[in-house]
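Secondary and tertiary structure notes
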Amino acid sequence: MSALLEISGLCVSHARGTQRFLALEQVGFALEAGEVLAVVGESGSGKSTLLASIPRLFADPESRIEAGSIRLAGRELAGLPEDQLRALRGSSIGLVFQDAQAALNPVLRVGMQVTEGLSAHAADALALLARVGLPEPARAAAAYPHQLSGGMRQRALLALALARRPKLLLADEPTSALDPVLGREILALLCGAAEREGMGLVLVTHEIGLALRHAQRVAVMYAGRIVEIASAAELARQPRHPYSAALLAADPARTRRGERFAAIPGSAPAAGEHRSGCAFAPRCARARERCTRERPLLESGCACFFPLEVRP
Amino acid sequence: MAELRRVIGSWRERPGLWAALALVCALHALGAAAPLVANDAPLWMGTPAGWRWPALEQLEGGERFVLLLAPWILAAPLWAASRWRARIALGWPALALLVALLWQLLAGPHVFIPAGEWKRELGGAPALFAPIPFGQSETNPSEPWRPPTWLASSKIDEQGRYEQRAVPSSGGLELPASRVEVRAGEPARNAPLRHALGTDAQGRDLFARVVWGARNSLTVGLASALVALVLGTLLGGLAGWRGGRADVLVSRAIELVLCFPLLFAVLLVMSVGGGGSAAVWTIALVLGLSGWTGVARLLRAELLRLREAEFVLAARGLGFSELRIVIRHALPNALAPLIVATSFFAGTAMLVESAISYLGAGLVEPESSLGGLVRGGTEHAWMVIFPGLVLALAVVAWNLLGEELRDWNDPRLRGGGA
Ligand SMILES: Nc1ncnc2c1ncn2[C@@H]1O[C@H](COP(=O)(O)OP(=O)(O)O)[C@@H](O)[C@H]1O
Ligand code: SF4
Ligand SMILES: [Mg+2]
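Reading the values: the criteria
Residues numbered from 1 in each chain as written. Chains lettered and ligands numbered in written order. Predicted model: local features only at pLDDT ≥ 70, side-chain atom pairs only at ≥ 80, totals over all residues. Heavy atoms only, no water. Salt bridge = Lys/Arg side-chain N within 4 Å of Asp/Glu carboxyl O. Helix = DSSP H or I, 4+ residues; strand = E, 2+ residues; numbered from the N terminus. Buried < 20%, exposed > 50% of the residue type's maximum accessible area, 1.4 Å probe, protein only. Pairing = 2+ DSSP bridges. Patch = residues over 30% accessible without salt bridge, like charges linked within 9 Å, V, L, I, M, F, W, Y side chains within 5 Å. Areas by Shrake-Rupley, 256 points an atom, 1.4 Å probe, with all protein chains shown as cover. Contact = heavy atoms within 4.5 Å. Buried area = accessible area lost by both parts, 1.4 Å probe. Polar contact = N/O pair within 3.5 Å; in protein donor to acceptor, adjacent residues only side chain to side chain. Near = heavy atom within 4 Å. Nonpolar A, V, L, I, M, F, W, Y, C, P; charged D, E, K, R; others polar. Core = buried A, V, L, I, M, F, W, Y, C linked by side-chain atoms within 4.5 Å.

Residue and element names in this part refer to chain B. Inspection of the entire model under this criterion finds 38 salt bridges over all chains. The salt bridge involving D247 is made with R300; its shortest N-O contact spans 2.5 Å. With D247 in helix 10 (residues 244–259) and R300 in helix 12 (residues 279–306), this pair connects stretches of sequence that are 53 residues apart. For D247, a relative accessible area of 12% gives the class buried. You can call R300 partly exposed: its relative accessible area is 24%.

Right, dumping it as C-alpha cells:
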C-alpha cells in the first residue's frame, strides 16, 4: 500500500520582483496515515513554502511548483487542475494556520465559521467546538473571534480544520503565537486528534524540542532542502547532520545544567543566494574542501558528506 | 414580551444607531404613507350607495405596494433588532407584493379623482379624512399666501381679511378679499392647525406639499443610493478582486464618470426628455449612474487589501469557491465603507436633486420635491424654512445612520461580550 502523502523531487520557486528563485529544492518524504511528521528549521528555510505547495495555496499567486511530484493517497496533486484541487482542500487536506487571529474572519461568528459549507448533519458547531476542548462551546460559537482568548481562538481554528475530517492535516507553526504551556496543550490536542482519527499530520515548527516531543518522525530543513529525516527518537539520541546537531545543541530546553547552550555561528543564506556545494558549509565546523565543491544529496536520511558517527 | 424587552435592551446598547435608524425610517415611512397622511380625498366615506375609500381607490399599483411597506419601514428599528429580522425583512415585502397584486385583481386599476371633488360633493355625508385634509395639488384661491395658522398674524376675519391688517413677513401683500372657503373635512377658518405650515400663492397647503415633496426627495435619495450601491459593488468588486485588466478598465471608467459633472448630466437628461410622471425615477437613475464611483473606489481598495488577508487564504484552504469567498468572507469585511458611502450618497443625492429642482429642471408641477418647494417659496420665509428644515433633517439623518452603521459593523468596536 502506498503512503498517505508522498513527495519527491519537489522544487518550488517564488518571485521576487522580476526574478525567480527556488525556495524548495529536491524535497522529498513520505507520510503514513496516523503519523506525525515534524518539519523543523530556522525561519526562511522553506517550511511554509513546503506546506503551501501541497494544497497549492501560495500567499503569492506568482509562486509555483517547478518540478517534482506530490501524491496524496496515490493521487498526483502537482499537475491537478485548480478546480479538482479545490475539491480536495478542506475535505482531504486540512490547514491549521499560525495566527488564529488573522486566519479567522473577524466579522463572522465562530460557530458560523466552523460549520460553513458543511452538510446539515455534520454542521453541529457545539459538538465540533467541544471536540477541541473548548470549555464553553455555546459561548464560543456565539462569539466573534476577537472576543475569545488566544488559546480559544487557536482551538476554534483547529475545529475548523478538523470539521471536515481531512485525511491529511497541515499545521504551520500552530502554536508559536501562544505561550509555551498553552502551545503544548494545543499540540497535544492536535497530535491526539491526528492519531485518533488516523490522519496524517505535517507539523511545522522552528522549535526542535516541540518536534521531538510530539512527532514520530522529524525532517530538518536548511535553505530549502531537507538535510536530515529520521525518527524523533533516533534524532534525539544521535543527530547525523551537523546542522541537526547544532539545532539540538541550540535548544535551550535540552541544554543540561552546567552545559553551555550553543548558538549556531553565522546566519542562514539569504533567499535565492546562489551557492555551490553544501549550503551549510560556511557555518559548518566539519566542512572540508569537497563540501564547497559538490552538493550532498539526501541519502539514507542524511544529506552530508561527513555525517556525525552513529554511536554503536 | 421577552423579545420586546430584548429589543429595547439592544437599543440601550447603541442609542445613537437606533435613533438614527428610527429617524430615517420615520421619514421614509411618512413618505411611503403620504396618501394616508395628506390627502384631499377622504380615507373613507359613507355614500348612500355604500362605503367608498377614495384615498385608496386612486392609488396606482406601485403606490399600493409602497403604502403596504410603510408599516414595515416604520417598524424597522423594532424588527431589525429582533430575532426574527431575517423572516420579517423578506417576508413582509413578499406579503405586501402579494396583497398589492390581489388588491389590483379584486379592486381593479386606480380611479382618477380630480383634486377637491370629494370635498365639494360630500355635503353632509359622513367621511373620514387624513390628518392633513389637503392634497398636494389642491388649491383654495380664498387663502393665498397664508402664514402658518398658529401665528397670531394669520388670523382672518369673516370677510377673509387679515385681522392684523398686514402679514408681517409678507412684505405687504394684497389682502384676500373673499371669504375663506372651509370645505368638508377641513379645520375651521382660524383653527391653529388649519394650515400648520402656511399656504402658497395658489392656496395650496404647504404641510401637504412638504409631505409629498419629501416623499419624492427621499425616493430620489434612496433609489439613487441603491443604484449606486449595486453598480459600485459589482464594478468595484470586479476591479478589486480580479485586479489586472478588469481593474484597469473599471478605474478608467471611474475617472471618466468623475470627469463628467453630475449636475450637468442630470440637467442634460432631463432636458432631453426624462421629465413627466417618471421624472423622479429618471433623476434617481442618472444620479445613481454617476454616483457609483465612490462606492466602487472604496470597495476596490478594500478588496485589494482583503484578498491578501490570511482569513481569505484560510477560506481557500477550506475549498470554498472564489465567489463564496468574495461574498461571504471578503465583502462583510468591506461593508463599513460601503455603508457609509451609500448613506452619504443618499444624502448628497437629495441635495443634488434639490439643486436640480432649484434650477427648475426637476419635477413637473404639481409634483414637487423639497428643493422645488424651497425654490417656489422664495417670496416668503415660511415657504423656505419648512421644506428646508425637512431637507436638512433628512440629509443629516442619512449621514448619522451611515456613521452609526459603520461603527456597528465593526465587531471590534461593538461593545459587550458574546
Ligand atoms: N511569497 C513569497 N515571495 C517571495 N519570497 C518568498 C515568499 N514566501 C517566502 N519567500 C521566501 O522563501 C523562503 C522560504 O520562506 P518560508 O517558506 O516562509 O520559510 P519558513 O516558513 O521556514 O520561515 C524565504 O527566504 C522567504 O523569504
Ligand atoms: S556536507 Fe560538509 S558542509 Fe555540509 S553539513 Fe556535511 S560536513 Fe558540513
Ligand atoms: Mg513559516
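What follows is about the sheet that holds strand 2 (residues 50–52) of chain B. Residue and element names in this part refer to chain B. One open sheet holds the three strands; their spatial order is 2-1-3, and the pairing between them is antiparallel. Each of the sheet's edge strands pairs with one partner strand only, and the pair in question is strand 2 and strand 3 (127–128). Pairing analysis gives three bridges linking strand 1 (residues 44–47) to strand 2, with the strands arranged antiparallel. Opposite G46, over in strand 2, you have W51 as the bridge partner.

Take the pairing of strand 9 (residues 217–222) of chain A next. Regular strands place side chains that alternate from one sheet face to the opposite one. All names here are of chain A. Within strand 9, five of the six residues are buried, leaving the element largely enclosed by the surrounding structure. Bridge count between strand 3 (residues 36–40) and strand 9: four bridges; the pairing is parallel. The residue bridging V39 from the neighbouring strand is A219, located in strand 9. As judged from the six bridges shared by strand 9 and strand 10 (residues 225–231), these two strands associate in the antiparallel manner. Looking across to strand 10, one finds that V220 is bridged to E228.

Let's shift gears to a nonpolar patch on the surface. A cluster of nonpolar residues, L95, L98, V99, L102, L105 and L106 of chain B, forms a patch on the protein surface that exposes about 650 Å² of accessible area. Position of L105 of chain B among the secondary structure elements: in helix 7 (residues 85–107).

Residues and elements named next belong to chain B. Mapped onto the fold, T293 is located in helix 12. In this structure T293 comes out as buried when scored by relative accessible area, which is 3%. Residues within four places of T293 in sequence aside, it is in contact with I254, V257 and L258.

Next up on the list: the interface of chain A and chain B. Tallying the contact residues gives 29 residues for chain A and 23 residues for chain B. In total, about 2,200 Å² of surface goes out of reach between chain A and chain B, with carbon and sulfur atoms giving 60% of it. Inspection of the region where chain A meets chain B yields two salt bridges. R328 of chain B serves as the salt-bridge partner of E116 of chain A, at 3.5 Å between the closest nitrogen and oxygen. Put simply, chain A and chain B have seven residue pairs in polar contact (both at pLDDT 80 or more) between them.

Moving on: the site of ligand 2. If you check the shell around ligand 2, you find 13 residues, and the closest are C278, C284, C291, C304 and F305 of chain A. For the shell around ligand 2, a count of residues per class yields 11 nonpolar, one polar and one charged.

Glancing now at the nonpolar core. Judged by nonpolar contacts, the single largest core of 119 residues is most densely connected at L5, I54 and L168 of chain A. Sorting elements by how many residues they give to this core places helix 7 (residues 150–162) of chain A first, with eight residues. Ignoring anything within four residues of it in the chain, the contact list for I54 of chain A reads L5, I7, I70, L77, I93, L168 and L170 of chain A. Core analysis: the second largest hydrophobic core is formed by 69 residues, I132, F134, L206 and V395 of chain B among them.

Read these as layout, nothing more, since geometry by itself doesn't imply function.
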